[in-house]
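So you can see what is in the structure, the chains are spelled out below.
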Amino acid sequence: MTPAPVIVQDAKPPRQMVTVATMPPAPSAYAGGGKGLPPDALLRHANDYGAWCQANAAKLKALEAFFWPDNKE
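Here the residue index of a chain counts from 1 through its sequence in written order. Reporting in this predicted model follows two pLDDT cut-offs: at least 70 for local features of residues, and 80 or more for side-chain atom pairs to be given and counted; totals over whole chains, interfaces and linings ignore these cut-offs and use all residues. Computation of side-chain values: all heavy atoms of the structure, hydrogens and water removed.

*Asks:* Help me understand the overall build of the protein in this model?
*Replies:* Note on conventions: DSSP H or I runs of at least 4 residues are helices, E runs of at least 2 residues are strands, and numbering of each starts at the N terminus. Counting secondary structure elements, the protein contains two helices and zero strands. When the 73 residues of the protein are sorted by exposure, 14% land in the buried category. When contacts within the protein are restricted to residue pairs at least 6 apart in sequence, long-range pairs at least 24 apart make up 70% of them. Split by element, the accessible area of the protein, about 6,100 Å² in all, is 63% carbon and sulfur. Only protein chains enter the accessibility calculation, which uses a 1.4 Å probe. A residue is then buried if its area is under 20% of the maximum for its type, exposed if over 50%, and partly exposed in between. In this description, contact between two residues means that some pair of their heavy atoms is separated by no more than 4.5 Å. The Shrake-Rupley method, run with a 1.4 Å probe sphere, supplies the accessible areas, and residue values consider only the shown protein chains as cover.

Structure representation (structure tokens):
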């Protein structure tokens, strides 16, 4: 069993690493007031949401590398 990593309490990551990216608007914001959600609006929302998810995943990887620099993938 691998022991749990020890986090150094004195080390603080840069603020941009621990701040969640701004969430994209709700899908209805892309509809332009029309009824339903047209395919192009849905694709724009999916693109923005995917970029948001990737930005947050990159921050998590950066935090992991900051606190556990010895981890090798």
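*Asks:* I'm lost on the packing of aromatic side chains in this one. Help?
*Replies:* Two aromatic rings, taken as a pair, are described by how far apart their centres are and by the angle between their planes. Aromatic pairing here means that ring centres of Phe, Tyr or Trp (its six-membered ring) are within 6.5 Å. Orientation follows from the plane angle: under 30 degrees is stacked, over 60 is edge-to-face, and everything else is tilted. Going through the model one piece at a time under the given rule, you end up with three aromatic pairs. Measuring from ring centre to ring centre gives 5.4 Å for Tyr-49 and Trp-52, while their planes differ by 35 degrees; the resulting arrangement is tilted. In this pair, Tyr-49 and Trp-52 are both assigned in helix α2 (residues 39-67), three residues apart and thus about one turn of the helix distant. Overall, Tyr-49 belongs to the partly exposed group, its relative accessible area being 37%. With a relative accessible area of 16%, Trp-52 lands in the buried category.

*Asks:* Mind showing me how you'd approach the pattern of salt bridges here?
*Replies:* Opposite charge on two side chains permits them to pair, given that their charged atoms come into close proximity. Note on definitions: salt bridges are taken to be side-chain nitrogens of Lys or Arg within 4 Å of carboxyl oxygens of Asp or Glu. Tallied over the entire structure, the rule returns one salt bridge. With a closest N to O distance of 3.2 Å, Arg-44 and Asp-40 form a salt bridge. A residue pair is termed a helical-turn pair when its members lie 3 or 4 positions apart in one helix, as Arg-44 and Asp-40 do in helix α2 at four residues. Look at Arg-44 and you get partly exposed, because its relative accessible area is 39%.

*Asks:* Would you mind going over the environment of Ala-46 with me for this structure?
*Replies:* Its location among the elements puts Ala-46 in helix α2. Separated by 22 residues in sequence, Ala-46 and Pro-24 place their C-alpha atoms 9.5 Å apart.

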